[in-house]
Amino acid sequence: MTAFTAPPTGADLLAEIDRLRKERNAIVLAHYYQKPEIQDLADFVGDSLELSRKAADTSADVIAFCGVKFMADTAKILSPEKIVVLPDLDAGCSLEDSCPPEKFKAFREAHPDHIALTYINCSTEVKALSDIIVTSSSAETIISQIPPEQKIIFGPDRHLGGYLSRKFNREMLLWPGVCIVHEAFSETELLKLKAQHPGAPVAAHPECPPTIIDHADYVGSTSGILQFAKTFPGDTLIVATEPHIMHQMELAIPEKTFIGAPGADGNCNCNICPYMALNTLEKLYVCLRDLEPRIEIEEGLRLQAKRSLDRMLEMASGTIGKGDLGRV
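Residues numbered from 1 in each chain as written. Predicted model: local features only at pLDDT ≥ 70, side-chain atom pairs only at ≥ 80, totals over all residues. Heavy atoms only, no water.

Caption draft 1: Structural detail: the sheet that holds strand E9 (residues 202-204). Here 4 strands make up an open sheet; going across it, the order is E10-E9-E11-E12 and the pairing parallel. The open sheet is flanked by strand E10 (218-219) and strand E12 (257-260), the only strands paired with a single partner. Judged from the 4 bridges that link them, strand E11 (residues 236-240) and E12 form a sheet pairing that is parallel. Bridging across to E12, valine 239 finds its partner in glycine 260. Relative to the sheet, helix H11 (residues 187-196) contacts E9, E11 and E12, its axis offset from that of E11 by approximately 175°. (Pairing = 2+ DSSP bridges. Helix = DSSP H or I, 4+ residues; strand = E, 2+ residues; numbered from the N terminus. Contact = heavy atoms within 4.5 Å. Axes fitted to C-alpha atoms, helices over the stretch in contact; angles between N-to-C directions.)

Caption draft 2: How the structure looks around the pattern of salt bridges. Taken as a whole and assessed by the stated rule, the structure comprises 18 salt bridges. The salt bridge partner of aspartate 18 is lysine 22, with a shortest N-O separation of 3.6 Å. Of this pair, aspartate 18 and lysine 22 are both found in helix H1 (residues 10-23), 4 residues apart, which corresponds to roughly one turn of the helix. Taking the shortest distance from any N to any O, the salt bridge between lysine 167 and glutamate 140 comes out at 3.0 Å. Remark: glutamate 140 occurs in helix H8 (residues 139-143) and lysine 167 occurs in helix H9 (residues 158-168); sequence separation between them is 27 residues. (Salt bridge = Lys/Arg side-chain N within 4 Å of Asp/Glu carboxyl O.)

Caption draft 3: Just the nonpolar core, in detail. If you look at the biggest cluster of nonpolar residues, it comprises 102 residues, and the most contacted ones within it are Leu117, Ile142, Met249 and Leu284. Among the elements that make up this core, the one with the highest residue count is helix H16 (residues 299-316) (7 residues). The contacts of leucine 284, once residues within four sequence positions are left out, are Ile17, Val28, Leu41, Ala64, Cys66 and Pro87. Among the nonpolar cores identified, the runner-up in size contains 8 residues, and Cys99, Phe104, Phe107 and Val126 belong to it. (Core = buried A, V, L, I, M, F, W, Y, C linked by side-chain atoms within 4.5 Å. Buried < 20%, exposed > 50% of the residue type's maximum accessible area, 1.4 Å probe, protein only.)

Caption draft 4: Examining H11 more closely. Turning to H11, its buried residues are Glu189, Leu190 and Leu193. For H11, the arc enclosing every buried residue in end-on projection is 100°, short of the 170-degree limit, so these residues lie on one face. Structural note: H11 exposes Thr188 and Ala195 on the side pointing more than 90 degrees away from its buried face. Where H11 is buried, its residues meet E9, helix H12 (210-213), E11 and E12. Two or three places before threonine 188, at the start of H11, stands the capping residue serine 186, its side-chain oxygen 3.4 Å from that residue's backbone nitrogen. (Arc of directions from axis to C-beta. Polar contact = N/O pair within 3.5 Å; in protein donor to acceptor, adjacent residues only side chain to side chain.)

Caption draft 5: Representation of the packing of aromatic side chains within the structure. What the rule picks out here adds up to 4 aromatic pairs. The interplanar angle of 80° and the centroid separation of 5.4 Å between the aromatic rings of phenylalanine 107 and tryptophan 175 together place this pair among those described as edge-to-face. Of the two residues, phenylalanine 107 sits in helix H6 (residues 101-110) while tryptophan 175 sits in the loop between strand E8 (173-174) and helix H10 (180-183), which places them 68 residues apart along the sequence. Pairwise contacts between aromatic rings join Phe104, Phe107 and Trp175 into one cluster. (Phe/Tyr/Trp six-rings, centres within 6.5 Å; stacked < 30°, edge-to-face > 60°.)

Caption draft 6: Region of interest: the sheet that holds E8. With parallel pairing, 4 strands are arranged side by side in an open sheet as E6-E5-E7-E8. Edge strands, defined here as strands with exactly one partner in the open sheet, are strand E6 (132-134) and E8. Two strands pair when backbone bridges link them, and strand E5 (residues 114-119) and strand E7 (residues 151-155) are joined in this way by 5 bridges, in the parallel orientation. Bridge assignment links alanine 116 to a residue of E7, and that residue is isoleucine 153. Contacting E5, E7 and E8, H6 runs over the sheet at an angle of about 150° to E5.

Caption draft 7: Representation of the pairing of E5 in the model. With 6 of 6 residues buried, E5 lies mostly within the body of the structure. Burial along E5 is two-sided: the face carrying His114, Ala116 and Thr118 and the face carrying Ile115, Leu117 and Tyr119 are both buried. Summarising the sheet, E5 and E6 pair through 3 bridges and their orientation is parallel. In the sheet register, tyrosine 119 faces E6, and the bridge partner there is valine 134.

Read these as geometric descriptors, not functional statements.
What follows is the structure in structure tokens.
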């Protein structure tokens, strides 16, 4: 471990991150929910799974994943030979926290005639207990391939599972987890905002509760929402997901106006993901410098988790990561 020294600041900090990136043969990945200054220096910006797949296809020795822990774990599952570091190991996920592996295992054992479709926002252990992993962009394609008589457990996001259940008219056993970011949106405040911007469509992530989805003109993954922003015919869009994705919208379509859907207090600040916000440029510098905190996964567990990811890629590889951005 390198002896502690305070990180540099300003332009020196950016220069040192760049130096370490080259020195370590590292690739920096940033999820759409990261702060703009992290998105701007990343090699790739995008959805969690597609970032891991892109990193696996590179010759990088080190993956610095600016996101949350389950995303870095997924990168390690797909690239076991690479060093994977996460700027802050406490960057977790409310959905992952809602689904402890031992409770999920007991739930599965209580329903042996069900297969488990599990949202990628879960731990490696839960992935290993699952039949097929899904993302918000691949879930519909996968469910359409499952025979209607096959019973399904869907977890850990009950809002995404409920949205899919309604859309496909399929009864599913839903794990009761929620994303604290999308749960915070207020229907009352959204209706006020729509009244202030008549004609502005609403784009919502399917992790939102039904009271928000019901008012959406487009429902899709973060990549899908970004694509919708580029193609909708109007000049103002209300965005019901973590507001940092609007940075990419403003870069891609500066002539349009993007407004974050409000929380109960009438603004979108309460919808910033507190876990994503734990990552900073200073922590990215330190993790590249020290190659810590490092993601390690026992090989047997990794292979079990990879099986459910591979099943998804077999069934829906063409849906993953539409709209992700490579660094020019």
